[in-house]
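A closer look at the structure
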Amino acid sequence: MQELSIAGGTAVVTGAASGIGRALAIGLAQRGADLVLADIDEQGLAETNQLVSSAGARALACRLDAGSIDDNEALAETAFAWVEKPVTLVFANAGIHGLTGALDPDLGVWQRAIDVNLLGPLFASKAFVGRMAEQETPSQFVITASQASVIAAPGMSPYVATKHAVWGLADCLRIELKQANSRVGVSIIAPGRTESGITQGQLERVRAAQGDEAATAYAAQLVTADKVAEVILREVVKRPFWIVPADLDTREMVRPRFEEFAAAVPVGLIEA
Ligand SMILES: NC(=O)c1ccc[n+]([C@@H]2O[C@H](COP(=O)([O-])OP(=O)(O)OC[C@H]3O[C@@H](n4cnc5c(N)ncnc54)[C@H](O)[C@@H]3O)[C@@H](O)[C@H]2O)c1
């Protein structure tokens, strides 16, 4: 597949005010992309805009509630009216944690996670992919999922469930675009634990519940958002489906889940 040129295009980044989104925006600016930055946090967004502008990028900052279809449509309309270079990359990256159990779930936490983590990428794809497909240039629609897309953990059922769900969304989108011979491809990013607003919140919860030593141990497991963005930007131009930027090899955590499924298939096989 033809590699994408970051310098030759415009990149849209949602969740650009902080963490992985901000690191992506800065990395894209350093590589010569024009940028459309979007986030619900307008102050953080202005700071990212300042950072990418200092790196020499032409940039536009737009307020977005990722869980609103109207906001996503307005963002796409504004972005395509503003661009001078084709939109070659759209990162549906905005996300929130979802901390409540599967046992005795807080339904409000579930609803917010569904709105931002699942409907956010769906609304972004609805708003952007058709417009991207009309361009002559190949482009990539990229969803930031998580290692929680393939691994379950206690106490964060809405996060795990919504991140599993966007894998399904991304895969269906990829298949349908391929069937349509579209120039738009799909990637899904599964970062490991990364320094960001989400993990800063988690760090403070660990500190409050278990003390400084546990917080220090938790912090030691995090990689910087810059390193994660570096891997994403190195790989995304090659347009793979999965991009897995993490310092921990989680293959042995993933394998038993798929083996459990594979083992169940012959057991349930119905004789013709
Ligand atoms: N940090 C990690 O360890 C980690 C690991 C795997 C996946 N991720 C994913 O990476 C993505 C980026 O998160 P991050 O870790 O950089 O956290 P972060 O909190 O630093 O950044 C998330 C950004 O999304 C924005 N956002 C939240 N709700 C929004 C909404 N409704 N509309 C628009 N913007 C909204 C926030 O304001 C923030 O700027 C998320 O999808 C997250 O699930 C993070």
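Residues numbered from 1 in each chain as written. Predicted model: local features only at pLDDT ≥ 70, side-chain atom pairs only at ≥ 80, totals over all residues.

1. Digging into the overall build of the protein
When you go through the protein residue by residue, the secondary structure sums to nine helices and seven strands. A compact globule built from 272 residues should have a C-alpha radius of gyration of about 19 Å, and the protein, at 19 Å, falls within 12% of that. A buried classification covers 40% of the 272 residues belonging to the protein. (Helix = DSSP H or I, 4+ residues; strand = E, 2+ residues; numbered from the N terminus. Rg over C-alpha atoms; globule rule 2.2 N^0.38 Å. Buried ≥ 20, exposed ≤ 12 C-beta atoms within 10 Å, placed from the backbone.)

2. Some remarks on the packing of helix H1 (residues 19-30) against helix H2 (residues 42-54)
Geometry of a packed helix pair, given as the angle between the helix axes and the separation of the axes. It is the contact of H1 with H2, at a shortest axis distance of 8 Å, that shows an interaxial angle of 20°. It follows from the interaxial angle that H1 and H2 lie roughly parallel. Relative to H2, H1 is oriented so that their crossing is right-handed. Listed contacts from H2 to Arg22, Ala25, Ile26 and Ala29 of H1 are Thr48, Leu51 and Val52. Of the residues assigned to the contact of H1 with H2, the class counts are five nonpolar, one polar and one charged. (Axes fitted to C-alpha atoms, helices over the stretch in contact; angles between N-to-C directions. Parallel < 35°, antiparallel > 145°, perpendicular 65-115°, else oblique. Left-handed = near helix turned anticlockwise from the far one by under 90°. Contact = placed C-beta atoms within 7 Å. Nonpolar A, V, L, I, M, F, W, Y, C, P; charged D, E, K, R; others polar.)

3. What to know about the sheet that holds strand S3 (residues 59-63)
Ordered in space as S3-S2-S1-S4-S5-S6-S7, the seven strands form an open sheet in which the pairing is parallel. Lying at the two open borders of the sheet, with one neighbouring strand each, are S3 and strand S7 (242-243). Here strand S2 (residues 34-39) pairs with S3 via five bridges, running parallel. Along S3, the bridge assignment pairs Leu35 with Ala59. (Pairing = 2+ DSSP bridges.)

4. Observations concerning the site of the ligand
Inspection of the region around the ligand gives 29 residues, with Gly15, Gly19, Gly95, Ser196 and Gly197 positioned closest. Elements that contribute at least two residues to the shell around the ligand include exactly H1 and helix H6 (197-210). Split into classes, the residues belonging to the shell around the ligand amount to ten nonpolar, 15 polar and four charged. (Near = placed C-beta within 6 Å.)

5. A closer look at unusual backbone geometry
Despite not being glycine, Asn181 has its phi angle at roughly 55°, a positive value. Looking at the secondary structure, you find Asn181 in the loop between helix H5 (157-179) and strand S6 (184-189). Looking at Asn181, the number of C-beta atoms within 10 Å reads 7, which means it is exposed. Positive phi, normally seen in glycine, also occurs at Arg239, with a value near 65°. If you trace the backbone, Arg239 turns up in the loop between helix H8 (225-236) and S7.

6. Things to note about the nonpolar core
In this structure, Val12, Ala25, Leu35, Leu37 and Val90 are the most contacted members of the largest nonpolar core, which totals 67 residues. When residues in this core are grouped by element, the largest group, nine residues, is from helix H4 (residues 107-133). Setting aside residues no more than four positions away along its own chain, Val12 makes contact with Val36, Ala38, Ala79, Val87, Val90, Phe91 and Phe128. (Core = buried A, V, L, I, M, F, W, Y, C linked by C-beta atoms within 7 Å.)

7. A closer look at H4
In this model, H4 (27 residues) spans 37 Å end to end at C-alpha, consistent with the 39 Å of a helix rising 1.5 Å per residue. A maximum bend of about 45° is found in H4 at Leu119, where proline Pro121 lies one to four positions downstream. (Expected span 1.5 Å × (residues − 1). Bend = angle between axes of the 7 residues up to and from the residue.)

8. Considering the environment of Thr14
Within the secondary structure, Thr14 is located in strand S1 (residues 10-14). For Thr14, a count of 28 C-beta atoms within 10 Å gives the class buried. Through-space distance from the C-alpha of Thr14 to that of Val90 is 8.2 Å; in sequence the pair is 76 residues apart. The residues touching Thr14, leaving out its near neighbours within four places in the chain, are Gly21, Ala38, Asp39, Leu64, Ala66, Phe91, Ala92, Asn93, Ala94 and Ala124.

9. A word on helix H3 (residues 69-82)
The end-to-end C-alpha distance of H3, which contains 14 residues, comes to 20 Å, matching closely the 20 Å that a straight helix rising 1.5 Å per residue would cover. Considered for burial, the residues of H3 that qualify are Asp71, Asn72, Leu75, Ala76 and Ala79. Viewed along the axis of H3, the buried residues span an arc of 135°, placing them on a single side of the element. With respect to the buried face of H3, the exposed residues turned more than 90 degrees away are Asp70, Glu77 and Ala81. (Arc of directions from axis to C-beta.)

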